[in-house]
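Structure assessment
Given next are the chains, with one letter for each unit.
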Amino acid sequence: MSVIITICEREYYMSQSSNTKKNIQNGSCPVYKKCGGCQLQNLSYPNQLKFKQNKVEKLLKSFGSVEPIIAMDNPYHYRNKVQAAFRTDKNGKIISGVYQSSTHHIVGIDSCQTEDIVADEIIVEIRKMLKSFKLTTYDEKFQRGFLRHVLVKRGFSTNQVMVVLVTSTQNFSSKNNFVKVLVKKFPNITTVIQNVNPYKTNLLLGNFQKILYGKGYIDDILCGCKFRISPKSFYQINPVQTEVLYNKAMDFADLKGKETVLDTYCGIGTIGIVAAKRGAGQVIGIELNKDAVRDAVQNAKNNNLKNIKFYQGDAGKFMAEAVDEGEIPDVVFMDPPRAGSDERFLNALIKMSPKTVVYISCNPETLARDLHYLKKNSDYRVDKIQPVDMFPHTASIECVVKLWKK
Ligand code: SAH
């Protein structure tokens, strides 16, 4: 199939005018050439799905049957996490938006078809408030000015909104009034945090933060389980399709109760927590990132789960040690990052030999590599492959794969 992919990865549109909206529906965003978000925006949504289906089939068909991709009913405004950078142009006009792809130039935008509408409105309002509060925007080149970024996260189920103001210094004397005005305009804002990032860095958040309003975190509900989201914690950015993905993963795991389940590369514990709620006997989660493990432990507590434990460390190392100790789980979920898993992990998995393996992947290329390794070195075979469209308009493809032993 020949498909031209534009360089643009995210579709943004600058105004709410009906013309612009019409253009967006046709898949042409006014800043698509500058922004780096939506690689597939030159295709209609049905054609994007065809493109993704073809790609998965090309890469994975030789391992097993590929189910039709699960589309998003409404593939717009699905991102629950939105971040904007700020700058002031040479005429003194304040601009908020995204970095032009591969540059540090900020492209001004007011809203984007992939982003949460409320989050975009909050960012525009903050931009308008800056002048009246005499707050400046940060200038990367000269390393001066105050506001660097705004990060907004919204719990789609709870409607709680978190606003993080990323500033270059701690000095924010008008903070109480600023928060008061903002919260009055958007009563769904349940917490406001000031994060101080004084460094010359590409990282969004600095180490120091101060809660200006509310609890410092928001909650969301996914598959009936409650999750705490703090400024730095990882959380799936499309909660609607995450439920679809996790439900599919649970179907494939086919838990009957009493099973021992490993949730490897577990992040903040979402998959393991959902499995524990759906009747697993005991669940063990393993994750490299310390902050995510701390969130996972808290999430398990908040869901009143006693049959789940989390360990921090490399998943491959953990698996190899578990094999040495003779542990045999019934089900292993694996959800590695884009780079996929590694041979240490896969060798330990083969030795461990659980009845069911459910592989969740955000990169079909590394998934194909790992499935090839398993096919060559073990009796594991692919039962089903289910692609899920988690990120409409972008080229990203998520798949859930069920493996069984020959
Ligand atoms: N299962 C989670 C997170 C998936 S993202 C969810 O659905 O939300 C992949 C996770 O793997 C990230 O949290 C990342 O920190 C973690 N990770 C990356 N390399 C790892 C490794 N070598 N060992 C364990 N975890 C790792």
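The written sequence of each chain sets the order in which its residues are numbered from 1. Only residues with pLDDT of at least 70 are given local features in this predicted model, and only at 80 or more are side-chain atom pairs given and counted; all residues enter the totals for whole chains, interfaces and linings. Only heavy atoms go into the side-chain values, all of them from the structure, while hydrogens and water stay out.

Description of the pairing of strand S10 (residues 218-222)
A large share of S10 lies buried, amounting to four of its five residues. Whether two strands pair comes down to DSSP finding at least two bridges between them. In this description a helix means any DSSP run of H or I spanning at least four residues, a strand means any run of E spanning at least two, and both kinds are numbered starting from the N terminus. Looking at chain direction, S10 and strand S11 (residues 225-229) are connected through five bridges and run antiparallel. Bridge assignment links Ile-218 to a residue of S11, and that residue is Ile-229. The loop that links S10 with its antiparallel partner S11 comprises two residues; one of these, Cys-223, has a positive phi angle of about 50 degrees. Throughout this description, buried means an accessible area under 20% of the type-specific maximum (1.4 Å probe, protein chains only), exposed means over 50%, and partly exposed covers the range between.

Here we look at helix H8 (residues 315-324)
Listed as buried for H8 are Ala-315, Gly-316, Phe-318, Met-319, Ala-322 and Val-323. Across the axial projection of H8, the buried residues extend over an arc of 160 degrees, all falling on one side. Capping the start of H8, Asp-314 holds a side-chain oxygen 3.2 Å from the backbone nitrogen of Gly-316, two or three residues further along. One or two steps after H8, the chain reaches Gly-326, where phi turns positive at roughly 80 degrees. The directions from the helix axis to the C-beta atoms are what the arc is built from. For this analysis, a polar contact is any N or O atom pair within 3.5 Å, provided that within protein one partner can donate a hydrogen and the other can accept it, and provided that sequence-adjacent residues contribute only side-chain to side-chain pairs.

Observations concerning the sheet that holds strand S18 (residues 398-405)
Strand order in the open sheet formed by seven strands is S14-S13-S12-S15-S16-S18-S17, and the pairing between neighbours is mixed. This sheet does not close on itself; its edge strands, each paired only once, are strand S14 (308-312) and strand S17 (380-388). When the angles between neighbouring strand axes are averaged without regard to direction, this sheet yields 15 degrees. Two strands pair when backbone bridges link them, and strand S13 (residues 282-287) and S14 are joined in this way by five bridges, in the parallel orientation. Counterpart to Ile-284 in the pairing with S14 is Lys-309. Here a residue-residue contact requires only that any non-hydrogen atoms of the pair lie within 4.5 Å. Helix axes are fitted to C-alpha atoms over the stretch in contact, other axes to C-alpha atoms as well, and angles between N-to-C directions run from 0 to 180 degrees. Where helix H9 (residues 343-352) meets the sheet, it contacts strand S12 (260-264), strand S15 (331-334), strand S16 (356-361) and S17, and its direction lies at approximately 165 degrees from that of S15.

A few points about the side chain of Asn-80
Relative to the assigned elements, Asn-80 resides in the loop between helix H2 (45-60) and strand S2 (81-88). Residue Asn-80 is classed as buried on the basis of its relative accessible area of 3%. Within polar-contact distance, the side chain of Asn-80 engages the backbone oxygen of Gln-236 at 3.1 Å. With residues near it in sequence (within four places) discarded, Asn-80 still touches Val-152, Lys-153, Arg-154, Phe-156, Tyr-235, Gln-236, Ile-237 and Pro-239.

Thoughts on the sheet that holds strand S3 (residues 94-99)
Read from one edge of the open sheet, seven strands run S4-S3-S2-S6-S7-S8-S9, paired in mixed fashion. Each having just a single partner strand, strand S4 (106-108) and strand S9 (208-213) make up the two edges of the open sheet. Within the sheet, the average angular offset between the axes of one strand and its neighbour, ignoring direction, is 30 degrees. Direction of pairing for S2 relative to S3: antiparallel, over a ladder of four bridges. Opposite Thr-88, over in S3, you have Ile-94 as the bridge partner. Against the sheet, helix H4 (residues 175-185) touches strand S7 (161-167), strand S8 (189-196) and S9, its axis set at about 55 degrees to S9.

Describing the site of the ligand
Any residue with at least one heavy atom within 4 Å of a molecule or strand is counted as near it. With respect to spatial proximity, 16 residues lie near the ligand, and among them Tyr-246, Glu-287, Asp-314, Ala-315 and Asp-335 are the closest. In this structure, a nitrogen atom belonging to the ligand sits 2.8 Å away from a main-chain N or O atom of Ala-315. The separation between a nitrogen atom of the ligand and a polar side-chain atom of Asp-335 is 2.8 Å. Here the ligand, which alone exposes 570 Å², has 83% of that area covered by the protein. Here the shell around the ligand is built from residues that sort into eight nonpolar, five polar and three charged. Per-residue and other accessible areas were derived by the Shrake-Rupley procedure at a 1.4 Å probe size, with only the shown protein chains allowed to occlude residues. Amino acid classes used here: Ala, Val, Leu, Ile, Met, Phe, Trp, Tyr, Cys and Pro are nonpolar; Asp, Glu, Lys and Arg are charged; the rest, including Gly, are polar.

Things to note about the confidence of the model for the protein chain
Close inspection of predicted coordinates is inappropriate in any region flagged by low pLDDT. Each residue carries a pLDDT score, the predictor's confidence in it, ranging from 0 to 100. Mean pLDDT over the protein chain works out to 91, with 93% of the residues at or above the 70 mark. Contacts of residues 1-26 to residues separated by more than four positions or lying in other chains number 82 contacts, the stretch itself having pLDDT below 50.

Focus on the packing of H2 against helix H10 (residues 364-377)
Direction vectors running N to C along H2 and H10 enclose 20 degrees, while the axes themselves pass 9 Å from each other. On the basis of the axis angle, H2 is roughly parallel to H10. Once H2 is placed against H10, the crossing between them reads as right-handed. Residue-level contacts link Lys-55, Leu-59 and Leu-60 of H2 to Pro-364, Glu-365, Leu-367, Ala-368 and Leu-371 of H10. Across the contact of H2 with H10, the residue classes break down as six nonpolar, no polar and two charged. An angle below 35 degrees is read as roughly parallel, one above 145 as roughly antiparallel, one from 65 to 115 as roughly perpendicular, and any other as oblique. Two helices cross in a left-handed way if the nearer one is turned anticlockwise from the farther one by less than a right angle. They cross in a right-handed way if the turn is clockwise.

Some points on the side chain of Thr-270
Relative to the assigned elements, Thr-270 resides in helix H6 (residues 270-277). When neighbours within four sequence positions are excluded, Thr-270 is seen to be in contact with Leu-222, Phe-227 and Tyr-246.

Digging into the packing of aromatic side chains
Pairing of aromatic rings covers Phe, Tyr and Trp, the last counted by its six-membered ring, and requires centre-to-centre distances within 6.5 Å; plane angles under 30 degrees mean stacked, over 60 mean edge-to-face, and any other angle means tilted. Under the definition given, this model contains five aromatic pairs. Ring geometry for Tyr-311 and Phe-318: centres 5.6 Å apart, planes at 35 degrees, overall tilted. The exposure class of Tyr-311 is partly exposed, given its relative accessible area of 36%. Directly above the aromatic system of Tyr-138 lies the positively charged group of Arg-148, at a separation of 4.2 Å from the ring centroid. The cationic tip of Arg-228 hangs over the ring face of Tyr-217; the distance from NZ or CZ to the ring centre is 3.7 Å. Criterion for a charge above a ring: Lys NZ or Arg CZ within 6 Å of the ring centre, and within 35 degrees of the ring normal.

Structural notes on helix H5 (residues 239-253)
When the terminal C-alpha atoms of H5 are compared, their 21 Å separation across 15 residues agrees well with the 21 Å that a helix rising 1.5 Å per residue should span. Among the residues of H5, those classed as buried are Pro-239, Gln-241, Thr-242, Leu-245, Tyr-246, Ala-249, Met-250, Phe-252 and Ala-253. Buried residues in H5 make contact with S10, H6, S15, S16, S17 and S18. Following H5 by one or two positions, Asp-254 adopts a phi angle in the positive range, close to 50 degrees. To estimate how far a helix should reach, multiply one less than its number of residues by 1.5 Å.

Some points on the pattern of salt bridges
Salt bridge, as used here, is a side-chain nitrogen of Lys or Arg placed within 4 Å of a carboxyl oxygen of Asp or Glu. Enumeration over the complete set of coordinates arrives at 12 salt bridges. We note a salt bridge from Glu-321 to Lys-317, for which the minimum N-O separation is 3.5 Å. Of this pair, Glu-321 and Lys-317 both sit in helix H8, four residues apart, which is roughly one turn of the helix. Exposure remark for Lys-317: the relative accessible area of 42% places this residue in the partly exposed category.

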